[in-house]
Amino acid sequence: MRQYPLTFNEFKQGLQDGKLLGLRCLDCGTVVVPPGAVCTSCGSSKFERDSFARKGTIRTFTVIRVGPEGFQPPYVVAMVELRDGPYIVGNLVGIEPEKASLDLIGKSVSVGARIVPPESPEGGVEGMAFAFELE
Amino acid sequence: MREVVVLGVGMTKFGRSEHSMKEMFSMAALEALEESGLESKDLQALFIGNVLGGFEEGQMNIAPFLADEIGMRHGAPATRYEGACASATVAIRHAALMVGSGVYDLVMAGGAERTTIMGTPLATKTFAMGSHSEYERFTGITFPGIFAMVAHQYCAKYGIALADLKMSMARTAVKNHHNGTLNPLAHFKKEITVETVLNGPMIADPLQLFDCCPFSDGAAAIVLADAAKFKNKVRTPVYVAGTGQGSAGSTYRQKDLTRMAAREAAVRQAYDQAGIGPSDVDVCELHDCFTIAEVVALEMLGFAEFGQGPAAVDRGDTSLTGRIPINPSGGLKAKGHPIGATGAAQAYEIVKQLRGECGERQVNGAKIGLVDTLGGDFSTVCSLVLRRD
């Protein structure tokens, strides 16, 4: 059996320790965050683990006004390009949703995470959501 | 590949229904069989699109129950296909491939969905299950939210003012609602104006209520057969000239949300197999789950240059009498969106258009039609090219 290079639980624990863990492809150098089984550029499964810069740039966003069960709108969801190349989706926190405008695109953010407890003691998994703050 | 012919189509009225999914599908399926002049015991296999049956009616593995409900003989295989909103089109494509490759001579494909029974909070939660369950779900992202991010990224990429893009989006909603008034099976049959759209409540900035399609209930079905053996059974044979399907990962892996690799691959396969290009298409049903979705689809399907989708809308290219009529049925926006049935309803409309049976919303002289159905965060997209002689 092959080993999974960096599991969700390890990645989540990294975030709780203040680190953005990820994988660097040993064949082409591409950085894969969040982690996956193979390189998103060349398909190689030869990786080294590393910790990457928790910095990025907003590429797009929205303000959710009607949310799924269990969420309290309004809140901002954004897609961020990390300094090392990958894109991630998370919540832009620390700003008034009413003040979110197209000017956000291109703004620099720091990257953290919110850990979400399981839905019930009997079932579900502990989840995570990336959390961005304007620099 | 053998030539595949459409023998019959059927569809329920879309909207809120008191019927169970089995009842809805039966109504659509028996209509399609009647058109075909065949009986259900003649069908060799059933291909079903259904997404949320477990949440809606507590019904898992729905395909065998639907097959039994319409009287297919026990022993004929019935399979559920799930590709989010593209499910029925994926089912139809696989049905066409199985007939084309000679596995079967006569099959039915279609879809059924009963979304409204869930209520909006559960429906929004289950729809959001189409996003990556580890790395996106807990952000509270929604489908409107995904397409809202498409709209904002589109503005940034092409340097277009949000107010201008929103005007093109609003015109798209107005056009599709107008088409819906001409479709007796549509969920909404009400004219709206640009002001209706721009004054609606905000759902996910910049998408307002009338930028979004509704949750609907409904079913649709299509009978496909080997053309050599069966085309003489119908007066106006319509052929499956090409199909295509593509996949792509989550939004953050796709990066540029204004270009959808799965859709561009799917439509290219379908065009190539049919031996046509976008300028040959007379009528198109495309996946307008949100107004911005229709605007960007125009570009990816080849009906407008990249960055010129809004201009095509503003010129009226997409109206019933325009250069390339889009969503004459009213689209998901007005006809409605029973997710697992949507692709089959798009195929229903194109078959009816090619036969010249669409009354006031008929696109005159249509000979080649395109179906484009998008599932999830554009992670599953499926295309069909249909044509008549």
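Here the residue index of a chain counts from 1 through its sequence in written order. Chain letters and ligand numbers both follow the written order, the letters beginning at A and the numbers at 1. Where totals are concerned, whole chains, interfaces and linings use all residues; where local detail is concerned, this predicted model gives features only for residues with pLDDT of at least 70, and gives and counts side-chain atom pairs only at 80 or more.

A. Molecular detail of the nonpolar core. As used here, a nonpolar core is made of buried Ala, Val, Leu, Ile, Met, Phe, Trp, Tyr and Cys residues. They are joined through C-beta atoms within 7 Å. With C-beta atoms placed from the backbone, a residue counts as buried when 20 or more other C-beta atoms lie within 10 Å of its own, as exposed when 12 or fewer do, and as partly exposed for counts between those limits. Ranked by size, the top nonpolar core spans 173 residues in total, and within it Leu46(B), Ile92(B), Phe147(B), Ala221(B), Ile222(B), Leu224(B) and Ala344(B) carry the most contacts. Segment limits for the domains were obtained from an automatic or database-derived domain assignment. Mapping this core onto the domain boundaries places at least three of its residues in each of domain 1 (8-52) and domain 2 (55-134) of chain A. Placing C-beta atoms from the backbone, we regard two residues as in contact once those atoms come within 7 Å. With residues near it in sequence (within four places) discarded, Leu46(B) still touches Ala63(B), Leu66(B), Ala67(B), Met72(B), Ala78(B) and Met108(B).

B. Focus on the interface of chain A and chain B. Taken residue by residue, the interface counts 30 residues in chain A and 31 residues in chain B. Where the side of chain A that touches chain B is concerned, the elements lending two or more residues are strand 4 (55-64), strand 5 (75-82), strand 6 (87-92) and strand 8 (127-134) of chain A. Per element, the largest residue contribution to the side of chain A that touches chain B is six residues, and it comes from strand 4 of chain A. The residue inventory of the side of chain A that touches chain B, partitioned by class, reads 20 nonpolar, seven polar and three charged. A run of H or I in DSSP counts as a helix once it spans at least four residues, and a run of E counts as a strand once it spans at least two, with each numbered from the N terminus. Here the nonpolar group is Ala, Val, Leu, Ile, Met, Phe, Trp, Tyr, Cys and Pro; Asp, Glu, Lys and Arg are the charged ones; every other residue, Gly included, is treated as polar.

C. View of helix 1 (residues 8-16) of chain A. Residues and elements named next belong to chain A. All of the buried residues in helix 1 are Phe 11, Lys 12 and Leu 15. The buried residues of helix 1 all sit within an arc of 100° when viewed along its axis, so they share a single face. Exposed and oriented more than 90 degrees from the buried face of helix 1 are Asn 9 and Gln 16. Here the buried face of helix 1 lies against strand 1 (20-25), strand 7 (108-116) and strand 8. The positive-phi residue at the C-terminal boundary of helix 1 is Gly 18, with phi of around 80°. Comment: arc refers to directions from the helix axis out to C-beta atoms.

D. Molecular detail of the sheet that holds strand 3 (residues 78-81) of chain B. All names here are of chain B. In this description, strands pair whenever DSSP reports at least two bridges between them. Spatial ordering of the open sheet is given by 3-2-4-7-1-8-11-10-9, a layout of nine strands whose pairing is mixed. Looking along the sheet, the strands with just one partner apiece sit at the ends: strand 3 and strand 9 (283-285). The sheet shows a mean angle of 25° between the axes of neighbouring strands, direction not considered. Every axis in this analysis is a line fitted to C-alpha atoms, fitted for helices over the stretch in contact. Angles between the N-to-C directions lie between 0 and 180 degrees. The sheet contacts of helix 15 (residues 342-355) involve strand 1 (4-11), strand 2 (46-49), strand 4 (106-114), strand 7 (217-226), strand 8 (238-247), strand 9, strand 10 (368-375) and strand 11 (380-388), and relative to strand 10 the element is tilted by about 170°.

E. Representation of the domain arrangement of chain A within the structure. Residue and element names in this part refer to chain A. Taken domain by domain, chain A holds domain 1 (8-52) and domain 2 (55-134). Here the C-alpha centroids of domain 1 and domain 2 sit 20 Å apart. In this complex, domain 1 contributes nine residues to the contact, which on the side of domain 2 involves nine residues. No other element matches helix 1, which puts three residues into the side of domain 1 that touches domain 2. Its residues assigned to classes, the side of domain 1 that touches domain 2 comprises seven nonpolar, one polar and one charged.

F. Spotlight on helix 4 (residues 87-100) of chain B. Residue and element names in this part refer to chain B. The first and last C-alpha atoms of helix 4 sit 20 Å apart over 14 residues, in line with the 20 Å expected at 1.5 Å per residue. When you tally the buried positions in helix 4, you get ten out of 14 residues, the bulk of the element. Listed as buried for helix 4 are Ser 87, Ala 88, Thr 89, Val 90, Ala 91, Ile 92, Arg 93, Ala 95, Ala 96 and Val 99. Any helix carries an expected span of 1.5 Å times its number of residues minus one.

G. Focus on the packing of helix 1 (residues 21-36) of chain B against helix 3 (residues 62-69) of chain B. Residues and elements named next belong to chain B. Between helix 1 and helix 3, whose axes approach to 10 Å, the crossing angle comes to 55°. Judged by the angle between their axes, helix 1 and helix 3 are oblique. Handedness of the crossing formed by helix 1 with helix 3: right-handed. On helix 3, the residues that touch Met 21, Lys 22, Phe 25 and Ser 26 of helix 1 are Ile 62, Phe 65, Leu 66 and Glu 69. For the contact of helix 1 with helix 3, the per-class residue count stands at five nonpolar, one polar and two charged. For this classification, under 35 degrees means roughly parallel, over 145 means roughly antiparallel, 65 to 115 means roughly perpendicular, and everything else is oblique. Definitions for this section: a left-handed crossing has its near helix turned counterclockwise from the far helix by less than a right angle. A right-handed crossing has that turn clockwise.

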